[in-house]
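Okay, here's what each chain looks like letter by letter:
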Amino acid sequence: MSMAVVGLVAGMALGFAGYFGGFGAFVLVAALGAIGFVAGKFVDGDLEPGDFFRTRTGDRDDRRR
């Protein structure tokens, strides 16, 4: 399935949720979609749990010099 079709389905789901359920349902569907996207990335192996918890090395000022 192409990313265009996935985007179309996600947009339609958000549209239906917003139309029939109001703004609260729209936000809920969008949040659950984002959680599902991240979970899918973990399952596919594109993300590692450490990607969210790595510490930065150096300050911002060090990179600007």
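Scroll up a little and you will see the structure.
If you're wondering where the values come from, they're calculated on a predicted model, not measured in any experiment.

Enquirer: Explanation requested: the packing of aromatic side chains in the structure shown.
Expert: Given two aromatic rings, one states the distance between the centres and the angle between the planes to describe the pair. Under the defined criterion, the tally for this structure stands at three aromatic pairs. Aromatic side chains F16 and F20 sit 6.0 Å apart centroid to centroid with 10 degrees between the ring planes, which places their arrangement in the stacked category. Taken together, the residues span about one helical turn, with F16 and F20 both in helix α1 (residues 3–21) at a distance of four residues. Ring geometry for F23 versus F26: centroids 6.2 Å apart, planes at 25 degrees, classification stacked. Taken together, the residues span about one helical turn, with F23 and F26 both in helix α2 (residues 23–44) at a distance of three residues. By relative accessible area, F23 is classed as exposed at 65%. Site record: aromatic cluster; members linked through ring pairs are F16, Y19 and F20.

Enquirer: How should I be thinking about the packing of α1 against α2 in this particular structure?
Expert: Two packed helices can be described by the angle between their axes and the distance between those axes. Across the interface, α1 lies against α2 with an axial gap of 6 Å and an inter-helix angle of 155 degrees. Classified by the interaxial angle, the pair formed by α1 and α2 is roughly antiparallel. When the axes of α1 and α2 are compared, the crossing they make is right-handed. Contact residues: A13, L14, A17, G18 and G21 in α1; F23, A25, F26, V29 and A30 in α2. Here the contact of α1 with α2 is composed, by residue class, of eight nonpolar, two polar and no charged.

Enquirer: Quick question: what am I supposed to make of a nonpolar patch on the surface here?
Expert: A contiguous nonpolar surface patch, about 540 Å² in accessible area, is contributed by M1, M3, V5, V6 and V9. Along the chain, V9 falls in helix α1. Overall, the relative accessible area of 48% leaves V9 in the partly exposed class.

Enquirer: Teacher, can you tell me more about the layout of surface pockets here?
Expert: The probe, sized like a water molecule, is rolled over the atoms to show the empty space still left. Estimated volume of the largest pocket: approximately 230 Å³. Lining the largest pocket, in full, are M3, V6, A10, A13, L14, V29, A30, G33, A34 and F37. Those elements giving two or more residues to the lining of the largest pocket turn out to be α1 and α2. The residue inventory of the lining of the largest pocket, partitioned by class, reads nine nonpolar, one polar and no charged.

About the thresholds
Residues numbered from 1 in each chain as written. Predicted model: local features only at pLDDT ≥ 70, side-chain atom pairs only at ≥ 80, totals over all residues. Heavy atoms only, no water. Phe/Tyr/Trp six-rings, centres within 6.5 Å; stacked < 30°, edge-to-face > 60°. Helix = DSSP H or I, 4+ residues; strand = E, 2+ residues; numbered from the N terminus. Buried < 20%, exposed > 50% of the residue type's maximum accessible area, 1.4 Å probe, protein only. Axes fitted to C-alpha atoms, helices over the stretch in contact; angles between N-to-C directions. Parallel < 35°, antiparallel > 145°, perpendicular 65-115°, else oblique. Left-handed = near helix turned anticlockwise from the far one by under 90°. Contact = heavy atoms within 4.5 Å. Nonpolar A, V, L, I, M, F, W, Y, C, P; charged D, E, K, R; others polar. Patch = residues over 30% accessible without salt bridge, like charges linked within 9 Å, V, L, I, M, F, W, Y side chains within 5 Å. Areas by Shrake-Rupley, 256 points an atom, 1.4 Å probe, with all protein chains shown as cover. Salt bridge = Lys/Arg side-chain N within 4 Å of Asp/Glu carboxyl O. 1 Å grid on protein atoms, 1.4 Å probe; cavity = no way out; pocket = protein on both sides within 12 Å on 5 of 7 lines; lining within 4 Å. Points joined across faces, edges and corners; volume = space filled by probe spheres on them.

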